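As a plain string of letters, each chain reads:
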Amino acid sequence: MNTIFPVIAVDGGAASGKSSTSRALAARFNLMHVDTGSHYRAVTFALVQAGVSPEDTAAIETQLAKLQLGEEIDGQSARISIGGKVPREEDIRSDAVNASVSPFAAVPDVRKFLFEYQRSQATVAERSGFNGLIMEGRDIGSVIFPDAVLRFFLEADEATRAARRAKEGQTDSIAERDRIDSSRKTAPLLCPVGAERIDTSHLTLEQVVDLLAGHIEDATGLAPVQA
Ligand code: DC
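No experiment lies behind these values; they were computed from the predicted model shown.

Visitor: Any chance you could explain the overall build of the protein chain here in plain terms?
Guide: The helix and strand tally for the protein chain stands at ten helices and seven strands. Here the C-alpha atoms of the protein chain give a radius of gyration of 17 Å, agreeing with the 17 Å that 2.2 N^0.38 yields for 227 residues. Here the C-alpha coordinates of the protein chain stretch approximately 50 × 40 × 30 Å along the principal axes. Counting across all 227 residues of the protein chain, residues that qualify as buried make up 48%. Long-range contacts, defined as pairs at least 24 residues apart, comprise 79% of the intrachain contacts of the protein chain with a sequence gap of at least 6. For the protein chain, the exposed area adds up to about 10500 Å²; of that, 51% sits on carbon and sulfur atoms. Averaging the locations of the 24 positively and 32 negatively charged side chains of the protein chain gives two centres separated by 2 Å.

Structure (structure tokens):
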């Protein structure tokens, strides 16, 4: 039995199944769920609204200094707020944000801006009475919580991922985002050494959730609060 507050990192490319899996695991073990992709999306939306481009690092720095970050707990998930407001899903998942989030996420100042905030979510989860934190993204097991009790890296072939996004009714160039996310200098998308690498292409969501749940029970001693 682990006595430290358990943090579980779930990384992977776009549409690899991270969000659905993390949400289901959060419900099963009463973990607080944090989607760090939504953090980059919210910051991108704010910067685009301010008329800033990803190349203009001076303007990015100026605008970031004006953004006051917080969170609102919504059921099992903590959602980022900026200036006291949680940005709307339709704004942060718009085509414009889909197209510019990877270039903004490659800017070191943007990543630095979110680092402490993301680390602080473990305290928020503990204070709010959850059994642990499950955080999904691209660099959670490598940069944000390299010390997490469990680190998963989910993969799926491109056809499966494109079909998942199409089912959600989203226009998203998954391959292009993954190319930018994997090739950037700061905190690239990669499977961290020692992480559990899982290919979800031929597994149902339920099978992936059960597989990860087994690892969580073994590593943390947590028991499901919901099957
Ligand atoms: O998970 P998502 O597809 O909503 O993430 C949107 C973008 O945010 C993704 O293309 C890269 C960036 N991102 C990141 O750089 N680091 C993270 N930890 C999470 C997301």
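Past the structure itself, the notes keep going.
Visitor: I keep staring at empty space enclosed by the protein and nothing clicks. Help me out?
Guide: One way to see where empty space is left: roll a probe the size of a water molecule over the atoms. Throughout the structure, instances matching the rule amount to one cavity of 30 Å³ or more. Reported here for the largest cavity is a volume of approximately 120 Å³. For the largest cavity, the lining is made up of 15 residues, of which Ser38, Arg79, Ile80, Glu89 and Ile92 are closest to its centre. Broken down by secondary-structure element, the contributors of at least two residues to the lining of the largest cavity are strand E2 (31–35), helix H2 (36–49), strand E4 (77–82) and helix H4 (89–92). In terms of residue count, E4 provides more of the lining of the largest cavity than any other element does, four residues in total. In terms of residue class, the lining of the largest cavity is built from seven nonpolar, three polar and five charged.

Visitor: Explain the nonpolar core to me, please; I cannot follow it from the model alone.
Guide: Side chains of a nonpolar character, in soluble globular proteins, are inclined to be buried together. Core analysis: the largest hydrophobic core is formed by 20 residues, its most contacted members being Tyr40, Val43, Leu47, Ile60, Leu64, Val110 and Leu114. Only H2, helix H3 (57–64), E4, helix H5 (95–105) and helix H6 (108–127) provide two or more residues apiece to this core. Counting residues per element, this core draws most heavily on H2, which supplies five residues. Once residues within four sequence positions are removed from consideration, Val43 is found in contact with Leu64, Ile82, Val110, Phe113 and Leu114. Of all hydrophobic cores here, the second largest spans 17 residues; its members include Ile8, Ala26, Leu31 and Leu212.

Visitor: What is the right way to look at the site of the ligand in this model?
Guide: In the vicinity of the ligand lie 18 residues, with Arg41, Arg111, Arg177, Asp181 and Arg184 positioned nearest. Interatomic distance of 3.1 Å between a side-chain N/O atom of Ser102 and an oxygen atom of the ligand. Between the ligand and Asp139, the relevant distance is 2.8 Å, taken from a nitrogen atom to a side-chain nitrogen or oxygen of the residue. Surface burial for the ligand is 98%, taken as the share of its 450 Å² of free accessible area covered by protein chains. Judged by the fraction of its atoms near the pocket grid, the ligand is located in the largest pocket. Elements supplying a minimum of two residues to the shell around the ligand: H2, H5 and helix H9 (174–183).

Visitor: What am I meant to see in the pairing of strand E5 (residues 132–137) here?
Guide: For a regular strand, side-chain orientation follows a simple rule: the groups alternate between the two sheet faces. Burial analysis of E5 places six of its six residues in the buried class, which makes it a mostly covered element. With burial as the criterion, each face of E5 is covered, one bearing Gly132, Ile134 and Glu136 and the other bearing Leu133, Met135 and Gly137. One ladder, built from five bridges, connects strand E1 (residues 7–12) with E5; its direction is parallel. Across the sheet, residue Ala9 finds its bridge partner in E5, namely Met135.

The rules behind each value
- Residues numbered from 1 in each chain as written.
- Predicted model: local features only at pLDDT ≥ 70, side-chain atom pairs only at ≥ 80, totals over all residues.
- Heavy atoms only, no water.
- Helix = DSSP H or I, 4+ residues; strand = E, 2+ residues; numbered from the N terminus.
- Rg over C-alpha atoms; globule rule 2.2 N^0.38 Å.
- Buried < 20%, exposed > 50% of the residue type's maximum accessible area, 1.4 Å probe, protein only.
- Contact = heavy atoms within 4.5 Å.
- Areas by Shrake-Rupley, 256 points an atom, 1.4 Å probe, with all protein chains shown as cover.
- Lys, Arg positive; Asp, Glu negative; His and termini not counted.
- Charge placed at Lys NZ, Arg CZ, Asp CG, Glu CD.
- 1 Å grid on protein atoms, 1.4 Å probe; cavity = no way out; pocket = protein on both sides within 12 Å on 5 of 7 lines; lining within 4 Å.
- Points joined across faces, edges and corners; volume = space filled by probe spheres on them.
- Nonpolar A, V, L, I, M, F, W, Y, C, P; charged D, E, K, R; others polar.
- Core = buried A, V, L, I, M, F, W, Y, C linked by side-chain atoms within 4.5 Å.
- Near = heavy atom within 4 Å.
- Polar contact = N/O pair within 3.5 Å; in protein donor to acceptor, adjacent residues only side chain to side chain.
- Sits in = over half its atoms within 2 Å of the grid points.
- Pairing = 2+ DSSP bridges.

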